[in-house]
Amino acid sequence: MCSITKEAVFDAISTVIDPEVGFNLVEMGLIYDAIIDEDCNVHVIMTLSTQGCPLHQMITTWVKEAVERIEDVGEVEVEVVWEPAWNISMAHDNVKQALGGM
Amino acid sequence: MKAISSDFAPPLKLISPFFSYGVVFYLLSMLALLFFEPTFSYAQMNVAGWIHLFLLGFVMMIIFGAMAQLIPVVLEAGHAVVDVYYVIFPLLLVGASLMVFGFWLMPAILPYGGLLVLVAMIIFAVENIATLKKTTIRTLTIDTVAWSNGYLLLGILTGFAIALGLSGNFGINVSLMLKAHVYAVIGGYVVLTIMGLSLILIPMFSLAHGFEETAINRAFKLVITGVGIVFAGALFTQEWFMYIGYAVNMLGIFFYIWQIYIIAKLTVRKEMDIWAKSMIFAFGALILSIVLGLVYFMSGKESILHASVWFLLLGFISSMITGHLYKIVPFLVWFERFAPLVGKEKVPMLHEMYSKEGASMMFWFTASGVVLGGLGLLFENGILFKGGASFLFAGAIFLFVTMRKMLAYGK
């Protein structure tokens, strides 16, 4: 039985910051889900704020590396999806406020 | 959508000279403005020299550098041969300098400068077309890239014919060829490229999502058609045909502005940084330029045409470019010097990589200079025009200094 929780995965990903906006990916609402199986393999489902972002590959690599730093984690896979498309309502209130959306 | 591989990104040392020297050309072209009067004719050689200093030295240089980085993003494919940019840069640098020198002092060297620029642009266009063939996606933005490159080739070929004509080596109707050249380069390449890039960059930086693209699709088609009509009309001396082209272009620009309005309504990011201010100013200047253009067609007054072109070149095109420099250059520097350090040590945010005060001074001096200079041209008032030129030069110094600091950040 794996002891890694979804919260631990989200905490790890929250160390990854979008250098353009200045917020971490979890606050931005870009991480949709983290599926953890019995062998502690983690499947992260995320999106990006813009399709065609030049940092696309780097951001997914940073997410993978951040999750891999969790103790006893197995294989880590990051899947980028475009449905549902990201929008500002998915972001935390501090992000909305900082970007002027509130 | 596939991942944009970091392998597709060209190295900073390949792109940074385009930005560094582009800004130097901008500084020189603003300095040169101090020596012009608000009354002039487009047939004057020194005016043609300034236009080439600004368009070839600044606008084209920066666009080429930006395209080296953005083409893989738009096409989702790596460059066919990215190393050709090492050849394009010196050819464009020397060619543009020779052309400006030729227009100002020695027309006999114009064909040599023109030839170097022609070779640089052919390499650029051919590499772009080869890269286009690698992509598996098909969108109107990509078709527009192909069309703009086609117009670039037409523009530079007519430009080279003019250079031969001016140096006395080729018997052509220069004034006729000039219109075809100007429309192919400015309308067909610069405006189409800016429209295409802004459709990618403006939603990206403003975090606008889920907007309809019907208006921009119409805008692309109309501008592509309009430029073709004006080009053909100029080439075959059919002025009535050119008027149809002007109208079609105008309609295309209207749809472009409409698309930007749609995007602006959905913008999530409301902070008024240097980029946002520059975009607002640029589109304000574009609308003013169109209004003045329409007034010119009704009145035929030359000073109104001069003011319209001024707001298009220095208000719209220039502000679009300088505003985006404060997003693109920090990103390129960050990508090269700091991205590998993520997770290992604290890295700066992009907005921390330039002086906000310096950028703000650049913006306010430039915006004031554009407005004053435009009024100087409109009323043919030397004091207003020189005042505007002085403000623009001061703004250019701030741009030059902030750009140097951005490029040197973390070195």
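This structure is a prediction, so every number in the text was calculated from the model and none was measured.

K.L.:
It is not clear to me how the overall build of chain A should be interpreted in this structure. Could you clarify?
P.N.:
Looking only at helices and strands, chain A has four helices and three strands in total. Rg of the C-alpha trace for chain A: 14 Å, near the compact-globule value of 13 Å for 102 residues, within the 12% margin. Considered along the principal axes of its C-alpha atoms, chain A spans approximately 45 × 25 × 25 Å. Taken across its 102 residues, chain A has 50% of its residues classed as buried. Within chain A, contacts between residues separated by at least 24 positions form 62% of all contacts whose residues are at least 6 apart in sequence. When the accessible surface of chain A is summed, it comes to about 4900 Å², and 48% of that surface belongs to carbon and sulfur atoms.

K.L.:
Would you explain the state of the cysteines in this entry?
P.N.:
Each disulfide consists of a covalent bond between the sulfur atoms of two cysteine residues. All names here are of chain A. Under the criterion given, the structure shown has one disulfide over all chains. The partner cysteine of C2 in its disulfide is C40, sulfur to sulfur 1.9 Å. Given an S-S torsion of about 110°, the disulfide between C2 and C40 has right-handed geometry. Placement of C2 in the segment before helix 1 (6–13) and of C40 in the loop between strand 1 (31–36) and strand 2 (42–46) is noted, with a sequence separation of 38 residues between them. Of the two residues, C2 and C40, both sit in the buried class.

K.L.:
What's the story with the environment of A:A66 in this structure? I'm lost.
P.N.:
All names here are of chain A. Tracing the backbone shows A66 in helix 3 (residues 56–68). In this structure A66 comes out as buried when scored by relative accessible area, which is 3%. Taking the C-alpha atoms as reference points, A66 and V76, separated by ten residues in sequence, lie 9.8 Å from one another.

K.L.:
Teacher, can you tell me more about the pattern of salt bridges here?
P.N.:
Pairs may arise between side chains of opposite charge once their charged atoms sit close together. Under the counting rule described, the total for this entry stands at eight salt bridges over all chains. Between B:R269 and B:E271 there is a salt bridge whose closest N-O contact spans 2.8 Å.

K.L.:
So what exactly am I meant to see when it comes to the nonpolar core here?
P.N.:
Nonpolar side chains tend toward joint burial in soluble globular proteins. Within the largest apolar cluster, 181 residues are counted, with the highest numbers of intra-cluster contacts made by A:V67, B:F19, B:F54, B:F64, B:Y256 and B:W334. In terms of residues, this core owes the most to one element, helix 2 (residues 45–75) of chain B, which gives 21 residues. Beyond its immediate sequence surroundings of up to four residues, B:F19 is in contact with B:I62, B:G65, B:A66, B:L325, B:I328, B:V329, B:L332 and B:M403.

K.L.:
Is there a simple way to explain the sheet that holds strand 3 (residues 76–80) of chain A in this structure?
P.N.:
Strand pairing in a sheet relies on backbone hydrogen bonds, with the paired strands running either antiparallel or parallel. All names here are of chain A. Strand order across the open sheet formed by three strands is 1-2-3, with mixed pairing between neighbours. The sheet terminates laterally at strand 1 and strand 3, the two strands that pair on one side only. Recorded for the sheet is a direction-independent mean angle of 15° between the axes of neighbouring strands. The pairing of strand 1 with strand 2 spans five bridges and is antiparallel. The residue bridging I35 from the neighbouring strand is H43, located in strand 2. Sheet strands in contact with helix 1 are strand 1 and strand 2, and its direction is about 130° off that of strand 1. This element, helix 3, spans strand 2 and strand 3 of the sheet and lies at about 145° to strand 3.

K.L.:
Explain the interface of chain A and chain B to me, please; I cannot follow it from the model alone.
P.N.:
Quoted interface sizes are often the accessible area lost when the parts come together. With 24 residues of chain A at the contact, the number on the chain B side is 24 residues. Summed over both partners, the interface of chain A with chain B buries about 2400 Å², with 67% contributed by carbon and sulfur atoms. There are two salt bridges connecting chain A and chain B. Among the salt bridges present, the one from B:R269 reaches A:E20, with a minimum N-O distance of 2.6 Å. At the junction of chain A and chain B, the tally comes to three residue pairs in polar contact (both at pLDDT 80 or more). Ranked by residues supplied to the side of chain A that touches chain B, first place goes to helix 3 of chain A with four residues. A class-by-class count of the residues in the side of chain A that touches chain B yields twelve nonpolar, nine polar and three charged.

Here is what the cut-offs are and how they apply
- Residues numbered from 1 in each chain as written.
- Chains lettered and ligands numbered in written order.
- Predicted model: local features only at pLDDT ≥ 70, side-chain atom pairs only at ≥ 80, totals over all residues.
- Heavy atoms only, no water.
- Helix = DSSP H or I, 4+ residues; strand = E, 2+ residues; numbered from the N terminus.
- Rg over C-alpha atoms; globule rule 2.2 N^0.38 Å.
- Buried < 20%, exposed > 50% of the residue type's maximum accessible area, 1.4 Å probe, protein only.
- Contact = heavy atoms within 4.5 Å.
- Areas by Shrake-Rupley, 256 points an atom, 1.4 Å probe, with all protein chains shown as cover.
- Disulfide = S-S within 2.5 Å.
- Salt bridge = Lys/Arg side-chain N within 4 Å of Asp/Glu carboxyl O.
- Core = buried A, V, L, I, M, F, W, Y, C linked by side-chain atoms within 4.5 Å.
- Pairing = 2+ DSSP bridges.
- Axes fitted to C-alpha atoms, helices over the stretch in contact; angles between N-to-C directions.
- Buried area = accessible area lost by both parts, 1.4 Å probe.
- Polar contact = N/O pair within 3.5 Å; in protein donor to acceptor, adjacent residues only side chain to side chain.
- Nonpolar A, V, L, I, M, F, W, Y, C, P; charged D, E, K, R; others polar.

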